[in-house]
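# Chain and residue survey
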Amino acid sequence: GFEFSVPTANGIDMRAMLLYFAAAVALPSLMAMIFRNLYLIIKRSESSTVFQADNIRMLREIGIFAISIPLAGLALSTVCRLILGTDTVESVRLYGFSMGLVILCLTQFFARGVELEQDVEGLV
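It should be emphasised that the depicted structure is a prediction, and the values quoted were computed from it without experimental measurement.

A few words now on the packing of aromatic side chains. Two descriptors summarise a pair of aromatic rings, namely the distance from one centre to the other and the angle between the planes of the rings. All chains considered together, the criterion is met by one aromatic pair. An angle of 40° between the planes, with centres 5.6 Å apart, marks the rings of Phe51 and Phe110 as tilted. With Phe51 in the loop between helix 1 (14–47) and helix 2 (53–84) and Phe110 in helix 3 (residues 95–123), this residue pair connects regions lying 59 residues apart in the sequence.

Structure (structure tokens):
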């Protein structure tokens, strides 16, 4: 999430609107990539096992996108503060960062599952 307010006496500040629209395009686009990868993982796993190299790659990308969202919000917040001044009130939620780290850790467990499944197939 990303939000800020700009107190103005003369109406709407167009610079603030442009910055907000940039954030409104960038942050949901990253979220859309997370859901796209999640959809592809589910579709690939319907016909075979979850432990596939492509699924591991997409899960890793989900973790990276989850970390990128709060970092992009923080960067946009900094840009807003530089362009609009220090009187702007911004709010950046960083809980996506910790969720991204958890997802990246889970990726390692799935990678180990791929290795174990390949070992079992080699024995049979």
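All right, on to the side chain of Asn37 then. By the secondary structure assignment, Asn37 is in helix 1. Excluding its chain neighbours within four sequence positions, the residues that come into contact with Asn37 are Met58, Glu61, Ile62 and Phe65.

With eleven residues, the main nonpolar core is built from Leu27, Leu30, Ile34, Ile41, Met58, Leu59, Ile62, Phe65, Ala66, Ile69 and Ile103. For this core, the secondary structure elements donating two or more residues are helix 1 and helix 2. Top element by residues in this core is helix 2. It accounts for six residues. Among all residues touching Ile62, those that are not within four sequence positions of it are Ile34, Asn37, Leu38, Ile41 and Ile103.

Parameters at a glance
Residues numbered from 1 in each chain as written. Predicted model: local features only at pLDDT ≥ 70, side-chain atom pairs only at ≥ 80, totals over all residues. Heavy atoms only, no water. Phe/Tyr/Trp six-rings, centres within 6.5 Å; stacked < 30°, edge-to-face > 60°. Helix = DSSP H or I, 4+ residues; strand = E, 2+ residues; numbered from the N terminus. Contact = heavy atoms within 4.5 Å. Core = buried A, V, L, I, M, F, W, Y, C linked by side-chain atoms within 4.5 Å. Buried < 20%, exposed > 50% of the residue type's maximum accessible area, 1.4 Å probe, protein only.

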